[in-house]
Amino acid sequence: MKLFYSAASPYVRKVLVVAHELGLADRIERLPANAHPVNRDRTIVALYDSRVIVDYLNALGRGDLIPHDASARVRVMVEQALADGMLDAAVLARYENAVRPEALRWKEWTDGQLDKIACGLAELESRVTGFGERCDLGTIAFGCALGYLDFRFAAFAWRDRHPNAAAWFEWFGGRDSMVATRPSA
Ligand code: BEZ
């Protein structure tokens, strides 16, 4: 399998963590891709997006990262949607402040994106005490979201306001799959 890949992308990371957890990582060839809001990379096609790819990998590996039971499955999918929503806001804020020319930047807009992340973190903080030792698509998506905040938004200091999530991520972030997929610029 070929995966168009950016070492900084939290969505790619989610796919790779899933592949590691399913024992499929060695079957994935990483092809460089440059996802960017301005300099478009039109080679990126085929199976997309990360939500579809992880569903495919879970079926291929006959995994249970996406539960079969209907209510457990909905819970995991909602968690993935929440974590991806936090990531979408974070990536937009990142582009606004790293790519958009300084004179065009809109602080209130960035603050709105950061508020979405804050709301997502508050929801995660209330859910995380029930996670136990779960490793599934929901917890993987949250792990990748928190990892991206550490990578691009260290000053956001999310741990200061979310001790339960911080304690959980201390453990979850140490999984082999998370360590093997740490982002780099
Ligand atoms: C980043 O560099 O932060 C990034 C790269 C690819 C996708 C999303 C974010």
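Residue indices begin from 1 for each chain and proceed along its sequence in written order. Two thresholds apply to this predicted model, a pLDDT of at least 70 for residue-level local features and 80 or more for giving and counting side-chain atom pairs, whereas whole-chain, interface and lining totals are computed over all residues. Note that the side-chain values use all heavy atoms of the structure and ignore hydrogens as well as water.

1. What to know about the packing of helix H1 (residues 10–21) against helix H5 (residues 137–152)
Put simply, the test is: Axis angles are defined between N-to-C directions and span 0 to 180 degrees, where every axis is a line fitted to C-alpha atoms and, for a helix, only to the segment in contact. Only DSSP runs of H or I reaching four residues or more are called helices, and only runs of E reaching two or more are called strands; each is numbered from the N terminus. With respect to orientation, any angle under 35 degrees is reported as roughly parallel, any angle over 145 as roughly antiparallel, any angle of 65 to 115 as roughly perpendicular, and every other angle as oblique. Each crossing gets its hand from how the near helix is turned against the far one by less than a right angle, where anticlockwise is left-handed and clockwise is right-handed. We call two residues in contact when some of their heavy atoms are within 4.5 Å. All residues other than Ala, Val, Leu, Ile, Met, Phe, Trp, Tyr, Cys, Pro, Asp, Glu, Lys and Arg, Gly among them, are scored as polar; the first ten of these are nonpolar and the last four charged.
Two elements in contact, H1 and H5, have axes whose closest approach is 9 Å; the angle formed by their N-to-C orientations is 135 degrees. By the criterion of interaxial angle, the relationship of H1 to H5 is oblique. Considering the relative orientation of H1 and H5, their crossing is right-handed. Here Pro10, Arg13, Lys14, Val17, Val18 and Glu21 of H1 lie close against H5, whose contacting residues are Leu137, Ile140, Ala141, Gly143, Cys144, Gly147 and Tyr148. Class assignment of the residues belonging to the contact of H1 with H5 gives a composition of eight nonpolar, two polar and three charged.

2. Looking at the domain arrangement of the chain
Here is the rule: An automatic or database domain assignment provides the domain bounds reported here. The quantity reported as buried area is the accessible area (1.4 Å probe) lost by two parts once they are put together, taken as the sum for both. Throughout this description, the term salt bridge denotes a Lys or Arg side-chain nitrogen within 4 Å of a carboxyl oxygen of Asp or Glu. For this analysis, a polar contact is any N or O atom pair within 3.5 Å, provided that within protein one partner can donate a hydrogen and the other can accept it, and provided that sequence-adjacent residues contribute only side-chain to side-chain pairs.
Assigned domains within the chain: domain 1 (2–60) and domain 2 (70–176). Computed over C-alpha atoms, the centres of domain 1 and domain 2 are 19 Å apart. Every contact between the two is made by 15 residues of domain 1 and, on the other side, 18 residues of domain 2. Here domain 1 and domain 2 share an interface that buries about 1,400 Å² over both sides, 65% of which is from carbon and sulfur atoms. When residues of domain 1 are sorted by the area they lose upon contact with domain 2, Pro10, Tyr11 and Lys14 head the list and together hold 35% of the total. Notably, a salt bridge pairs Asp84 with Lys14, separated by 2.8 Å at the nearest N-O pair. Here domain 1 is connected to domain 2 by five residue pairs in polar contact (both at pLDDT 80 or more). Elements with a minimum of two residues in the side of domain 1 that touches domain 2: H1 and helix H2 (50–60). Top element by residues in the side of domain 1 that touches domain 2 is H1. It accounts for seven residues.

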